[in-house]
Structure formats: structure tokens, C-alpha cells
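Here is how the chains run, residue by residue.
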Amino acid sequence: LQNVRIDPSSISFSMWKDIPVPFYMSVHFFEVLNPKEVLQGAKPVLNQRGPYVYREFRYKTNITFHDNDTVSFLEYRKLFFQPDLSNGSEEEYIVVPNILMMGAAVMMENLPNFVKLLLSGALAGLKQEAFMNRTVGEIMWGYEDPLIDTINMLVPGLIPFKGKFGLFIELNNSDSGLFTVNTGMKNISRVHIVDSWNGLKKVNYWRSSECNMINGTAGEMWPPFMSPTSLQFYSPDACRSMTLVYEQSGKFEGVPTYRFVAPKTLFANGTDYPPNEGFCPCLQSGILNVSTCRLNAPMFISHPHFYNADPALVNAVEGLHPSKDQHALFLDVHPMTGIPMNCSIKLQLNLYIKQVSGIIQTGKIKPVVLPLLWFAESGSLEGPVLKQFYTNLVLIPSLLDYLQYIFLGLSVLLIISAAILMAMSQRTTTEKSPRHPTTQSKPPPSSETTPLLPDASTLSQDDAEA
């Protein structure tokens, strides 16, 4: 138990501080094959591109222990492109929605018409269109766009950022917020459980107190002696706590594991699952509106290819093929220690686009939740770390179990041997006890010191004389 606590002297502390697991983030883009037709009201036809694979390094800084059995830290991520593992380069061009323009158009839908006309005129002057053709690197890590300054001038505060715009620009070389978690020094059952995030006991993104709760861990480790029921963690990327449910027991490289997966209710709407009403009053199940924590942009997250979602979302576009094997997320956790052995967390980013009156660039686009990309963050224990884990937590305990049975078997043998020796000793003692010699041909009268029956030798002698 001491080795799973967050303590500099514990074995798992270095693993917790600088995660040794080689994580990889694989990104798949959805290219729009018929942008001109979509502007005229046609169904979008999509083609999946990639994966574009990045090696992900995670490390913690600002580690501060507190007197109340908690520790605070910032965790950073660094991503490095892996050409050898990718199906394409970051220099490849992909046709996707003009995320800034289409997002701003939906955000401005309820503003006065003259403001929208001003924006439409500015968009025409900047030669902005509903779809853009940019490189993978630009979409991921940012590109300069004069539209940012124009929007900030026309509608101050609508998009509270300046400079470059990219979907993952804030992910690389940045932290995921200040986590404060329990160390487990006083109560091992609370180890890794989040005490606060950015100083908050609850977030304020959602419409109910239950949905705003920060539950579970930071998503890296869990308390030991897990039960095959469920696990929880808070995800800053999803801006909410998430619950995974137990699916099955198994083994990863010989290490016993519990597999936890996303239930169908994870992204269900309030109609299908009432507790989720505070997250998303959405028409369809299977998507989560994250606009409240993503600069009010009309962004949604879901499982890749709308797996486990309302079929209406899948049928609104062409080119999606949801599959459990390819698109379901999972966590394989060693139940005794709460340490993940193998995991793959998969999410999809979607943009809600539609025709907005007054902004001619939106054409006749029919309302649709359009997939932009999906990504998988995957990692598993390997090499010396896995070997040490297997030796300490599987091999040695197994040997101790075998030794226990061996010692039990030896104990039984010793008891049996002792019993046999005692029996033999008693028999030997009986055989060596003094007997009265007999010289008469007939047995003497019985007495207290004479046996009632003659012994075998006496009988033999009498028989001989007869």
C-alpha cells in the first residue's frame, strides 16, 4: 500500500511524476469531398485521412505537498510528429469547413441584421469562404488569419484570443490546469482522488449541480483494490467528469486487468438519460455540446464516427462507419494497484454549421453536426517498467502463493511422518518389554504376572513335544 501513495519515497512516485508510458496521439481528419454541393444544400460527403501520429510526453511540475493530505501539480504535454508511423505528412492539404468563419456565423445568428451584413461584407473583402483548403499542420497548430482581428473589431469579445488559430494550438507545450489530489498518506482509499481543479470544487460550465461536479481522479491512476463496477475521472478536455463502466476481466502481458469502457449513456441526451439534461439539451443522443467551455463556439464532442450515437447523426453525412473495434474507448487497469496497463481514449470534434441569414457566405447549408476530426490517445506499459511491474506484482505474489501451498504440503508430510514415527516408537517399546521364561511343558496357573495365553514360542515348543 505504501508504494501506491503519492509520496517521494514510494516506488510509484517517479512513475506518477514523469509518466514512463509511451503515449501516442493519432489524428484522423475528415475531408469534405463536395464543398460546393454542400453550399447548395447537399449532404456532406466525407473521406477519412490519416492517421497523423504524434509521440506524446507528459510530465508534472510545480509539485506542492499540503498539510491536508493533498498535493498540487501542473501537468504538461509535448507532442512530436512521427512521420514513420503516419499515413501522410503535416504538409498535406485537406478541405475542411472554415472553422472560424462558420463558427462565428452561428454565434452571431441572433445579432441584429446590420451587424451580420457588416460581417458578410468584411468576409467578402477578406475573400473568406465557407470551406478552406489548408495543411494538416496549419489546422492542428495554427495559422494567421486576418478574420480574427476583423471579428474582434466588429464584435469585441466574441472570440477572446488573438494571433494564430488552430484546433490543438493550446494542447502542445501547455498544462491541463492546476490539479490538487489526495496523496493517500492518511487514507489510501482516497489516493489520486481530485480535491480541486484550478481551485474549484465544481465547474460552472453546465446547467445542473450534478453535471458540474468534479468526480474521480485526474485520469492517470486510481485507488487500489478496485471493484469491477465503474471508475470516474475529470477530463479538462471534455470540461466534465466522466464515468466508465466495467466490461470484463482479462490480462495484459500476464498482468490481471479490469477493462472499463464508455457506457451508451455517456453522451446521451436528457431524454434518453435524464441525469444528462444538464450537459446537453440536444435533439440527438451521442454528442456533447462543449461551447460553454470552448469560447462559445458551436463545438460538439462525440465518439469517433458517431459510434453509439443516434443514427440520424450518422445518416446526416456520408462516409462514416462506426465500429466498436475501431472507435470505442477503453481502459485496462490493474485492480490491485489502480495503475492503467493499456488504454486508448478516443474522441471526435464536430462543428455545427448551417445557413445564417444575412451572411451570404453560408449559402444554403442545411443544419448538420459536421465531423472535423477524431483522435486517439493510446499508451501501454512496456519494456523495463512492465517487467518490474510484472515481477513485483504478479511473479513474486504468485511465488509466495506457491510457497504457501508447498509449506502447507510439507507441514502435512511432517505431521504424517511424526505420527508414523510415534507409532513405530510405541510398537518398538512394546516389543522390548520383559517377558517370563517358560520351562514347563504345560502352562502354569494364571496369575497377575503371567499372561492368560501362552506366547507363540511356547505353543511351538508344545507342538514339537507332542
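Here the structure is a predicted model, which means the values were calculated and not measured.

### Here we look at empty space enclosed by the protein
Okay, step 1: Inspection of every chain in the model, using the stated rule, returns three cavities of 30 Å³ or more.
Okay, step 2: Here the largest cavity defines a volume of roughly 660 Å³.
Okay, step 3: Taken together, 37 residues form the lining of the largest cavity, with F23, R58, A218, G219 and E220 sitting closest to its centre.
Okay, step 4: The greatest single-element share of the lining of the largest cavity, amounting to eight residues, is contributed by strand β14 (residues 339-353).
Okay, step 5: Of the residues assigned to the lining of the largest cavity, the class counts are 24 nonpolar, six polar and seven charged.
Okay, step 6: The volume enclosed by the second largest cavity comes to roughly 60 Å³.
Okay, step 7: Taken together, I6, W16, F73, V181, H192, T217, A218, G219, E220 and M221 make up the full set of residues lining the second largest cavity.
Okay, step 8: Considering only residue class, the lining of the second largest cavity consists of six nonpolar, three polar and one charged.

### Let's talk about the environment of E138
Okay, step 1: Following the sequence through the fold, E138 ends up in helix α5 (residues 136-141).
Okay, step 2: Separated by 28 residues in the primary sequence, E138 and G166 place their C-alpha atoms 6.7 Å from one another.
Okay, step 3: Residue contacts for E138: discarding those within four places in its chain leaves Y143, F165 and G166.

The rules behind each value
Residues numbered from 1 in each chain as written. Predicted model: local features only at pLDDT ≥ 70, side-chain atom pairs only at ≥ 80, totals over all residues. Heavy atoms only, no water. 1 Å grid on protein atoms, 1.4 Å probe; cavity = no way out; pocket = protein on both sides within 12 Å on 5 of 7 lines; lining within 4 Å. Points joined across faces, edges and corners; volume = space filled by probe spheres on them. Helix = DSSP H or I, 4+ residues; strand = E, 2+ residues; numbered from the N terminus. Nonpolar A, V, L, I, M, F, W, Y, C, P; charged D, E, K, R; others polar. Contact = heavy atoms within 4.5 Å.

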